[in-house]
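Listed below are the residues making up each chain.
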Amino acid sequence: MELYLDTADVVAVKRLARVLPLAGVTTNPSIIASGRKPIWEVLPALREALGGKGRLFAQVLASTADEMVVEARKLTHTIENLIVKIPVTSEGLVAIKALREEGIITLGTAVYGAGQGLIGALAGAEYIAPYVNRLDAQGGNGIQTVTELQRLLTQHAPHAKILAASFKTPRQVLDCLLAGCQSVTLPVDVAEQFIATPAVKAAVEKFEQDWRNAFDSTTLG
């Protein structure tokens with residue numbers, strides 16, 4: 001199972017990489033744009049925040065297949081161990097097929113249907129990213145789509161894995177993992193909810209208070 005952060009916040013990545021077993025960081029054009037720093041500056045900084053380990057994901061911005069291929073080459077030649085995100089559109093599928101021939105690893109992104117995701121995998125993408133919460137927001141069923149896509153990949157494209165994205169709650173993440181997802185990418189706030197449950201903090205504080213009352217200390221001695 002691979003756990004990623006979906007962010008360009010270098011400070012947050014550095015803080016959470018110390019705590020979580022991160023496999024890397026995913027980004028997209030909107031995430032990069034929100035920080036108003038060039039992608040060629042952000043990606044190396046994210047790599048450093050990860051301690052020089054892990055995978056980075058960055059997305060092409062071009063709209064035609066030929067231009068997507070050019071951008072993908074530039075990304076992978078500039079940033080080590082980077083996976084290129086390609087939208088699963090008609091032009092994106094052409095680019096994914098071409099990049100597979102060149103040995104460039106891709107993720108099919110902007111997936112809103114199980115069939116769309118399967119086609120992206122059959123074209124050669126090694127990761128497929130369904131947008132869970134966005135599907136829910138549009139009246140669909142994100143978890144059902146993920147479940148169907150996982151079955152399709154297992155049966156027809158076992159080389160590919162889901163990297164589920166677009167989460168608002170930890171419950172959505174857990175449901176994706178229960179559906180068989182091998183990788184998820186979390187916004188910083190959702191990741192923090194997994195490790196900042198108020199009840200846990202209260203329990204730890206109670207342990208400390210009881211120990212202090214008994215031994216006038218907060219160490220084992």
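Under an unreviewed UniProt entry, the chain has the name Fructose 6-phosphate aldolase and belongs to Sodalis ligni. Turning to the chain, the UniProt record has this under Sequence similarities (unreviewed entry): "Belongs to the transaldolase family. Type 3A subfamily."

### Remarks on helix 3 (residues 39–49)
Residues of helix 3 that are buried include every one of I39, V42, L43, L46, R47 and A49, and no others. Projected onto a plane normal to the axis of helix 3, the buried residues spread over an arc of 160° and lie on a single side. Backbone geometry just downstream of helix 3 places G51 in the positive-phi region, at approximately 75°.

### With respect to the packing of aromatic side chains
Under the criterion given, the structure shown has four aromatic pairs. On the basis of an interplanar angle of 50° and a centroid distance of 4.5 Å, the ring pair of W211 and F215 is categorised as tilted. With W211 and F215 both in helix 11 (residues 198–215), this residue pair falls four residues apart, about one helical turn. Judged by relative accessible area, W211 falls into the partly exposed class, the value being 32%. Aromatic rings pair up to connect Y4, F57 and Y127 into one cluster.

### Here's the deal with the side chain of K161
The topology assignment puts K161 in strand 7 (residues 161–164). A polar contact of 3.1 Å, which involves the side chain of K161, links it to the side chain of E2. Setting aside residues no more than four positions away along its own chain, K161 makes contact with E2, E126, Y127, I128, L153, Q182 and S183.

### A few points about the sheet that holds strand 1 (residues 2–6)
The pairing of strands in a sheet comes from backbone hydrogen bonds and takes either a parallel or an antiparallel form. The sheet built from eight strands closes into a barrel, its strands ordered 1-2-3-4-5-6-7-8 with parallel pairing. Along the sheet, successive strands turn relative to each other by an average axial angle of 25°, direction set aside. In this structure, strand 1 lies alongside strand 2 (residues 24–26), joined through three bridges in parallel fashion. Opposite Y4, over in strand 2, you have G24 as the bridge partner. Relative to the sheet, helix 3 contacts strand 2, strand 3 (55–59) and strand 4 (82–87), its axis offset from that of strand 3 by approximately 160°.

Reading guide: rules and limits
Residues numbered from 1 in each chain as written. Predicted model: local features only at pLDDT ≥ 70, side-chain atom pairs only at ≥ 80, totals over all residues. Heavy atoms only, no water. UniProt positions renumbered as here; feature names shortened; annotations may be inferred. Buried < 20%, exposed > 50% of the residue type's maximum accessible area, 1.4 Å probe, protein only. Helix = DSSP H or I, 4+ residues; strand = E, 2+ residues; numbered from the N terminus. Arc of directions from axis to C-beta. Phe/Tyr/Trp six-rings, centres within 6.5 Å; stacked < 30°, edge-to-face > 60°. Polar contact = N/O pair within 3.5 Å; in protein donor to acceptor, adjacent residues only side chain to side chain. Contact = heavy atoms within 4.5 Å. Pairing = 2+ DSSP bridges. Axes fitted to C-alpha atoms, helices over the stretch in contact; angles between N-to-C directions.

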